[in-house]
Amino acid sequence: MFSKFKSSTTSAPPQNPYDNNPITQYFEIGKQIACAGPELIWKIHEGYRKTDGKECSIFVFEKRTAEKLHKPKRKETVTEILRASVKQLERFRHPKILQIMHTVEESSETLSFATEPVIASLANILAYQEAGGTIAGPPSTGASGQHCPTGVPRPAHAKEYSFLDIELKYGILQITEALSFLHYSGQVIHKNVCPSSILITKKGTWKLAGFEFTERTNETDATDPVPCQPWSTRASKLVQPNLDYMAPEIQINSSCSILSDMFSLGMVICAIFNHGRSLIQSGNSPSTYLKQMELLDEAVHNILPRIPIPLQEATTRLLKKSPGPRPTAQLLTLIKYFSDPAVQALQFLDVINMKDPTQKTHYYRSTLREVLPFIPRKLWWQHIWPNLQQEMRADEVLAAVLQPALTLVQESSNTEYEAIILPTFKTVFVAPKSIQATVALLENLHIILEKTPRDDIRTEVLPLLFNALESTTIQVQSAALVAVTNVYDYLDDITIKKLVLPKLKSVFEKNQSDLKIMGNVLQCVERTLDKLDKSQIIDEVLPLLLEVRLTDPDIVVRVVNIYRIMLCDKKYGLTVNIMATKVMPTLLPQTVNPSLNLEQFMILLEVLQEMLDQIDRQQRNKLKLDNLSLPSPDRHRPLRHQFSSDNMNAQQFNIPNLRIDQRKTSSAEDMARKNSTGSGALGSWWFGGSPSSPDSNFLRVVNAFPNRRLSDNTLMTPKIRIAPSCASSPGESVGRWER
């Protein structure tokens, strides 16, 4: 990131004043990004540590800045004050106080020290807001000489940055906590709480600095005043606090207490909600300061509507001219304005390094996950992710840290995931992990794969899954099987055939007594069945199914569901022979399994019935092709035509002296004959043929003439006479028989 720092600086004709500073042996110094301190005298540069490349900020004070003071003694005073302030920063170690990475280094031209990375001082950001706001007038920060009124180009030190409401709330709380630490643990009065003493880090947190003018608190009671020097025109403004934010008792009574810092904090709050403009614009004139102090109450009343309602009462009390009504830092942290779960979660995250593993685990698993949706996305990447990123390097709490990290994965865009999250997760995939961390990754593997580019899936993510399938730990194996089901869509056919299926078989063979593992194995088989060849199903999957111990109802249902899928398509290779000889013999005993409930029993019975139906259809078709018939209920019923005389092949015989008279035709027959002769083709069509045709069906008259009587449609039988000469015929009956 800063690879061009040194080359760009050394190539310039004029030598940089900090090149001779010893700090350059340890840090690479980049461009200036901000400024801070009294009159913004500290120049803040980008930088990184040479030993490990860790990012930082380099504060540089150029001694020539103080040369305009003319008096060498004053110049040395400025240097001494700034040097002492850095020593104070080193002494006070607190999450809300700017962290020193390298102590102060000095050369003939500069003072310099390194801190955690910052983006700007609050003075830089408020200067930008003031220059771009609607309020014109004198400047509001210590950089009074560099400010320009509205409509004029912004000063060079102004920094564009937009605060969210939660950032302002949390930032004010952080400075309040820093003061609480100084007042009660450090027993120190800051005495210069102003925007130029507040630094905004790259994480978005607010840190207190500017320890140039500290005083010791009263040993008896911190709220009791101690003597101090007021602001004077006889001293350089570089060696005095910012007059616009100074408490009135310092200037009027030459005394201060911890409540003086609370007044200054109230002035900072008003400037934040007043477009960066302080309520007092003294122009470094004590007389002007006193005059405006008399009008402070009115100014506070006018600014209150811009301040959040829960903070208005506290702000009013902070800016009381008398120290007594002002709340202490400890009391201020308890107001309703700061009772925000999201703010409290961020607050805990800042001190997470001071917590034990149990507290960290609870915070990451529950607290942070619950409030994450209420924290703006800007803070996800600026504040939360850097902390998670650092914690993910430690295996101790990795499983817990993965919970909010995976939430960020799920909610991030593809661009955010690839640029911010994926590089860290790549190291997590290959690093040794605890069982809980591995299980957490596997259970959420589908979330990771949704955002991971295709090229990285095979090289970075899937090896984690395949290694987990070979694990000897039951929890990891079970999670890996669930992961296979979840990431099925991301696995190609070759991967399933060559890698997944063999590992599934191996897990099955080693864990046949574990019902949970068996259930997960069967779930994987069911999910991947569609991508397997018929030969693999017959040779590998089917034997696996036949070996499953069908003791648990859930296992029975899973096996039955797999068979149901195989019955739906012939491509799975489940033939009637396999069903009849292998599958059904294993399933039929389960029909009397007392552990099955009604729903499970019906599922089993439906699949068995479907198998029987397929066997029935297959065998019937086969037997029909072989010209064989199978008895059916319809075939057991005798048909009338089977016993009709027309179908009898009896021997022809003649009855002696038998004469058959011509029968009389019925009226229906006469009509049919007339119609057939009169109408020709129409008659033939109506009665099915010509009247002389032996196939004429006179009963069709019923359909043609439904109103006719049934007797009109009967056929007249012929008369049969037997001659007397046949008395010698069998029966020896004599006479005439008529019928």
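Residues numbered from 1 in each chain as written. Predicted model: local features only at pLDDT ≥ 70, side-chain atom pairs only at ≥ 80, totals over all residues. Heavy atoms only, no water.

(A) Representation of the overall build of the protein chain. Helices and strands together make up the secondary structure of the protein chain, namely 28 helices and 14 strands. Every one of the 739 residues in the protein chain was classed for burial, and the buried ones make up 48%. Sequence-distant contacts, at least 24 apart, represent 67% of the contacts inside the protein chain between residues at least 6 apart. When the accessible area of the protein chain is evaluated, it comes to approximately 38,000 Å², of which 52% is carbon and sulfur surface. (Helix = DSSP H or I, 4+ residues; strand = E, 2+ residues; numbered from the N terminus. Buried < 20%, exposed > 50% of the residue type's maximum accessible area, 1.4 Å probe, protein only. Contact = heavy atoms within 4.5 Å. Areas by Shrake-Rupley, 256 points an atom, 1.4 Å probe, with all protein chains shown as cover.)

(B) Spatial organisation of the sheet that holds strand S6 (residues 118-121). In spatial order, the strands read S6-S8-S9; together these 3 strands make up an open sheet with antiparallel pairing. The open sheet has two edge strands with one neighbour each: S6 and strand S9 (206-208). Taken over all neighbouring pairs, the strand axes of this sheet differ in orientation by 35° on average, direction set aside. In the sheet, S6 pairs with strand S8 (residues 198-201) via 3 bridges, with the strands oriented antiparallel. Within the sheet, the bridge partner assigned to valine 118 lies in S8 and is threonine 201. Helix H3 (residues 122-132) rests against S6, S8 and S9 of the sheet, and its axis sits at about 60° to S6. Sitting on the sheet, helix H4 (residues 165-185) touches S8 and S9, and the angle it makes with S9 is about 25°. (Pairing = 2+ DSSP bridges. Axes fitted to C-alpha atoms, helices over the stretch in contact; angles between N-to-C directions.)

(C) Structural detail: the sheet that holds strand S2 (residues 42-49). Strands sit in the order S1-S2-S3-S5-S4 across an open sheet of 5 strands; the sheet is antiparallel. With one partner strand each, in any of the chains shown, strand S1 (27-36) and strand S4 (100-106) form the two edges of the open sheet. Averaged over neighbouring strand pairs, the angle between their axes works out to 25° when direction is ignored. Here S1 pairs with S2 via 7 bridges, running antiparallel. Its bridge partner lying in S2, cysteine 35 is registered against lysine 43.

(D) The arrangement of the confidence of the model for the protein chain in detail. Residues of the protein chain with pLDDT of at least 70 account for 79%, and the chain-wide mean is 82. Confidence drops under a pLDDT of 50 for residues 677-702, and excluding neighbours within four residues, the segment shows 26 contacts in the predicted structure. A low-confidence stretch, residues 725-739 stays under pLDDT 50, and its non-local contacts, those more than four residues away or across chains, total 10 contacts. (pLDDT = per-residue confidence, 0-100.)

(E) Up close: the environment of isoleucine 119. Here isoleucine 119 lies in strand S6. Each C-alpha atom, one on isoleucine 119 and one on leucine 199, is 7.8 Å from the other, the two residues being 80 residues apart in sequence. Excluding residues that lie within four positions of it along the chain, isoleucine 119 makes contacts with Ile33, Ala34, Lys159, Tyr161, Ile200, Thr201 and Lys202.

(F) Region of the structure containing helix H25 (residues 598-625). With 28 residues, H25 ought to run about 40 Å at 1.5 Å a step, and its terminal C-alpha atoms sit 40 Å apart, in line with that. Among the residues of H25, those classed as buried are Gln600, Ile603, Leu604, Val607, Leu608, Met611, Gln614 and Ile615. Contacts made by the buried residues of H25 are with helix H23 (553-567) and helix H24 (576-587). Measuring from the backbone nitrogen of glutamate 599 back to the side-chain oxygen at the start of H25 gives 3.2 Å, which picks out asparagine 597 as the cap. (Expected span 1.5 Å × (residues − 1). Polar contact = N/O pair within 3.5 Å; in protein donor to acceptor, adjacent residues only side chain to side chain.)

(G) Structural context of the nonpolar core. Of all hydrophobic cores here, the largest spans 198 residues; its most connected members are Trp206, Phe425, Leu465, Tyr563 and Met566. Among the elements that line this core, the one with the most residues is helix H6 (residues 258-272), at 11 residues. Tyr18, Phe27, Val60 and Ala114 belong to the second largest nonpolar core, which has 9 residues in total. (Core = buried A, V, L, I, M, F, W, Y, C linked by side-chain atoms within 4.5 Å.)

(H) Representation of helix H21 (residues 515-528) in the model. Over its 14 residues, H21 extends 20 Å from the first C-alpha to the last, a length consistent with the 20 Å expected when each residue adds 1.5 Å. Every buried residue of H21 is accounted for by Ile517, Met518, Gly519, Asn520, Val521, Leu522, Cys524, Val525 and Thr528. Elements that come into contact with the buried residues of H21 comprise helix H19 (474-486), helix H20 (493-510), helix H22 (534-547) and H23. Sitting at the amino-terminal end of H21 is aspartate 514, which places a side-chain oxygen 3.0 Å from the backbone nitrogen of lysine 516.

(I) Structural view of the pairing of S4. The buried fraction of S4 amounts to 5 of the 7 residues, a majority that puts the element mostly inside the structure. Judged from the 4 bridges that link them, S4 and strand S5 (residues 110-115) form a sheet pairing that is antiparallel. Within S5, the residue paired with isoleucine 100 across the bridge is threonine 115. Connecting the antiparallel pair S4 and S5 is a turn made up of 3 residues.

(J) Just the side chain of histidine 383, in detail. The residue histidine 383 is located in helix H13 (residues 377-391) in this model. A distance of 3.2 Å separates polar atoms of two side chains, one belonging to histidine 383 and the other to aspartate 350. Beyond its immediate sequence surroundings of up to four residues, histidine 383 is in contact with Tyr170, Lys203, Thr205, Leu346, Leu349 and Asp350.

(K) Main features of the packing of aromatic side chains. With the rule as written, the count across this model stands at 13 aromatic pairs. An angle of 90° between the planes, with centres 5.0 Å apart, marks the rings of tryptophan 42 and phenylalanine 113 as edge-to-face. Here the residue tryptophan 42 occupies a position in strand S2, and phenylalanine 113 occupies one in strand S5, the gap between them amounting to 71 residues. Ring pairing ties together the aromatic residues Trp42, Phe59, Phe61 and Phe113, which thus form one cluster. Sitting above the plane of the tyrosine 488 ring, lysine 531 keeps its charged end 4.5 Å from the centroid. (Phe/Tyr/Trp six-rings, centres within 6.5 Å; stacked < 30°, edge-to-face > 60°. Lys NZ or Arg CZ within 6 Å of the ring centre and 35° of its normal.)

(L) Broad picture of the packing of H4 against H13. Contact pair H4 / H13: the axes reach a minimum separation of 10 Å and the direction vectors enclose 40°. Compared by their axis directions, H4 and H13 come out oblique. Between H4 and H13, the contacting residues are Ile166, Glu167 and Tyr170 on the first element and Lys378, Leu379, Gln382 and His383 on the second. Each residue belonging to the contact of H4 with H13 can be placed in one class, and the counts come to 3 nonpolar, 2 polar and 2 charged. (Parallel < 35°, antiparallel > 145°, perpendicular 65-115°, else oblique. Nonpolar A, V, L, I, M, F, W, Y, C, P; charged D, E, K, R; others polar.)

(M) Representation of the environment of tyrosine 490 within the structure. Here tyrosine 490 lies in the loop between H19 and H20. Along the backbone, tyrosine 490 and leucine 449 are 41 residues apart, and their C-alpha atoms lie at a distance of 7.7 Å. With residues near it in sequence (within four places) discarded, tyrosine 490 still touches Leu449, Glu450, Arg454 and Ile457.

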